[in-house]
Amino acid sequence: QVQLVESGGGLVQPGGSLRLSCAASRSIAGINAMGWYRQAPGKQREWVASILKPGSTIYADSVKGRFTISRENVQNTVYLKMNSLKPEDTAGYYCKFSLLGNFEVWGQGTLVTVSS
């Protein structure tokens, strides 16, 4: 019923930056948390970062200090600002909204490629 539309992926050089966006297709209420996950070729999906209802953020150790998750509540949008990108950050990135009632909505993914 609700779709998450992702954008911002692309090709970037090592050390560069990108900002991913994930927006709900319609206005929704009851979002408890938003998060980002990634999956590299041949690897399992990995949790990257989350932002909770009070606004607190948590990060995987692999991206801590380099990535920043933020949200725009009015637009139901979550962002992932990625700095100092490394080749090992190359992956498909997926956003997730955790909604009231233990309901989860996933984005379709946006590809980030870090390469020279």
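Residues numbered from 1 in each chain as written. Predicted model: local features only at pLDDT ≥ 70, side-chain atom pairs only at ≥ 80, totals over all residues. Heavy atoms only, no water.

> Explain the overall build of the protein chain to me, please; I cannot follow it from the model alone.
The secondary structure content of the protein chain amounts to zero helices and eleven strands. The C-alpha radius of gyration computed for the protein chain amounts to 14 Å, which stays within 12% of the reference 13 Å derived for 116 residues, consistent with globular compactness. On the principal axes, the C-alpha backbone points of the protein chain span a range of 40 × 25 × 25 Å. Burial statistics for the protein chain: of 116 residues in total, 44% are counted as buried. (Helix = DSSP H or I, 4+ residues; strand = E, 2+ residues; numbered from the N terminus. Rg over C-alpha atoms; globule rule 2.2 N^0.38 Å. Buried < 20%, exposed > 50% of the residue type's maximum accessible area, 1.4 Å probe, protein only.)

> Would you take a moment to explain the state of the cysteines for this structure?
Here a disulfide denotes one covalent bond, and it connects the sulfur atoms of two cysteines. If you walk through the whole model with that rule in mind, you get one disulfide. Each disulfide pairs two cysteine sulfurs, and for C22 the partner residue is C95, the sulfurs being separated by 1.9 Å. Residues C22 and C95 share a disulfide whose torsion about the S-S bond is about 60°; that sign makes it right-handed. Here C95 lies in strand β9 (residues 91-99) and C22 lies in strand β3 (residues 18-24), a separation of 73 residues in the sequence. Here C22 matches C95 in class, with each residue buried. (Disulfide = S-S within 2.5 Å.)

> Can you help me understand the nonpolar core in this one?
Nonpolar side chains tend to gather and get buried jointly when the protein is soluble and globular. Of all hydrophobic cores here, the largest spans 32 residues; its most connected members are W36, V78, L80, M82, Y93 and F97. Those elements that provide at least two residues to this core are β3, β4 (31-39), β5 (46-52), β7 (67-72), β8 (77-82), β9 and β11 (110-114). Not counting the four nearest positions on each side in its chain, Y93 is found in contact with E6, L20, W36, Y37, R38, V48, F67, L80, M82, G109, T110 and V112. (Core = buried A, V, L, I, M, F, W, Y, C linked by side-chain atoms within 4.5 Å. Contact = heavy atoms within 4.5 Å.)

> Can you help me understand the pattern of salt bridges in this one?
Side-chain pairs of opposite charge can arise where the charged atoms are in close proximity. Evaluated as defined, the whole model comprises five salt bridges. Between R38 and D89 there is a salt bridge, with the nearest N and O atoms lying 2.9 Å from each other. Taken as a pair, R38 in strand β4 and D89 in the loop between β8 and β9 lie far apart in primary sequence, 51 residues in all. D89 matches R38 in its accessibility class, with the two residues each being buried. Measuring nitrogen to oxygen at the nearest pair gives 3.6 Å for the salt bridge that ties E104 to K96. When its relative accessible area of 43% is taken as the criterion, E104 is described as partly exposed. Salt bridges here are not isolated pairs; linked through shared partners, they connect R38, E46, R66 and D89. (Salt bridge = Lys/Arg side-chain N within 4 Å of Asp/Glu carboxyl O.)

> Is there a simple way to explain the side chain of T77 in this structure?
Summarising the element assignment, T77 is placed in strand β8. Residue T77 is classed as buried on the basis of its relative accessible area of 5%.

> For this particular structure, what's the right way to read unusual backbone geometry?
Not every positive phi belongs to a glycine, and S84 is a case in point at roughly 50°. Looking at the secondary structure, you find S84 in the loop between β8 and β9.

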